[in-house]
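Working through the structure, step by step
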Amino acid sequence: MLNFDPDRYVRIQQGAVGTAPALAEIVDRELERGLDSVLFLGAGGAGFLMDPAAELLAARSTLPTRRLVGGELVAAGSSLLGPGTLVVVPSLSGTTPDALEHIATAKAAGARVLALVGDADTPVAQASDHVVANRAADDTSSESFYLQSQILAVTLLQRRGEWSAATAYLEGLQGVPEALLSIKEHSETRAEEIARHLAEHSWHIFTGSGPSWTEAHYYAMCILEEMQWIRTRPVHASDFFHGTLELVEPDTSIVLLIGEGPTRAMDERVRDFVSQITDQLVVLDSTDHALPGVDDRHRHLLSHVVHAAMLQRVSAHLEVIRDHPLSTRRYYRRVSY
């Protein structure tokens, strides 16, 4: 595979799955001290990556849970934030100024903070009450953060007795790192084709639903816009039919992430409509790939992780095709804003 170290990748994702005991210990401690709400924060893309875990808890648990834009929490507060709150703050670098501001706001309200970081010896980690570190980099952090935050959510469901399959599901995650590597290997040729498609168009509509909507949103904004300066229009598959459909013309590029589970019909509705109009539709379907050890009934909980693994291979080819390294920035961390 182009510019890819498979051993490093598997090691990092195994590290993410391996945070389960530490996360379980944190959950137990917080429940003992009277946990009454969970807030997932994060600046920019790191915050996006918390959405599926927050939505899983909100759907299955009576524990009040929300994913908030950290800047809005700082500016406007939240009725859920208080001494019984666990605030989850992801920051790969551990140095993000916005994340430090989020932590300060949370602690001023008496909440406890769990930092998910790539390095425990960083300001974000040092400012937090709990720290889970898994060394990663931009090309591996999506899957790592997705897995860690989901393990936290499922462990809460397990400890609170709100999902009978939680223990079996957590055990099934052990095989996911190797499965993700296999997905990347089998996606390589297609990834190059998609990268060429992205390079050949000046803008793209990205859409999906369920957990895969998070990955569509994240990839469009944080990879294509930030790292490649390619214009995108991310829109949820359900919202697609309340405005964005009017932008579709015969040559409009649309990238559709089709997931699994109860929201899949939303994705299929978009596919069925736009395929009648444009011949520039790219579909990535998570059902095309195996997840050994994961019960078929629960595969939909990992559709975003599957899509992240596939799209990273697209990124690897895209930066070469466009001669634009993913690390190149004009403004981010280069100027004051």
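This report concerns the structure included in the present document. (Residues numbered from 1 in each chain as written. Predicted model: local features only at pLDDT ≥ 70, side-chain atom pairs only at ≥ 80, totals over all residues. Heavy atoms only, no water.)

1. As for the packing of helix 1 (residues 6-17) against helix 10 (residues 176-200)
As a packed pair, helix 1 and helix 10 sit with axes 8 Å apart at the nearest point and diverge in direction by 145°. The two elements helix 1 and helix 10 cross, and the hand of that crossing is right-handed. Facing P6, Y9, V10, Q13, Q14 and V17 of helix 1, the residues of helix 10 in contact are P177, E178, L180, L181 and K184. When the residues that make up the contact of helix 1 with helix 10 are grouped by side-chain class, the tally is seven nonpolar, two polar and two charged. (Axes fitted to C-alpha atoms, helices over the stretch in contact; angles between N-to-C directions. Helix = DSSP H or I, 4+ residues; strand = E, 2+ residues; numbered from the N terminus. Left-handed = near helix turned anticlockwise from the far one by under 90°. Contact = heavy atoms within 4.5 Å. Nonpolar A, V, L, I, M, F, W, Y, C, P; charged D, E, K, R; others polar.)

2. Focus on the packing of aromatic side chains
Taken as a whole and assessed by the stated rule, the structure comprises five aromatic pairs. A ring pair is formed by F240 and F241, whose centres lie 5.3 Å apart and whose planes are at 70°; its orientation type is edge-to-face. The residues F240 and F241 share a single accessibility class, namely buried. In this structure an aromatic cluster arises from ring pairing among F240, F241 and F273. (Phe/Tyr/Trp six-rings, centres within 6.5 Å; stacked < 30°, edge-to-face > 60°. Buried < 20%, exposed > 50% of the residue type's maximum accessible area, 1.4 Å probe, protein only.)

3. Quick word on the side chain of H300
The topology assignment puts H300 in the loop between strand 9 (281-285) and helix 13 (303-321). In this structure H300 comes out as buried when scored by relative accessible area, which is 16%. A polar side-chain atom of H300 sits 3.3 Å from the main-chain carbonyl oxygen of R297. If we skip the residues at most four places from it in the chain, H300 touches P211, E260, G261 and P262. (Polar contact = N/O pair within 3.5 Å; in protein donor to acceptor, adjacent residues only side chain to side chain.)

4. Quick word on the environment of P211
Here P211 lies in helix 11 (residues 210-228). Counting along the chain gives 48 residues from P211 to G259, while the straight-line C-alpha distance between them is 7.7 Å. Ignoring anything within four residues of it in the chain, the contact list for P211 reads P52, H300, S303 and H304.

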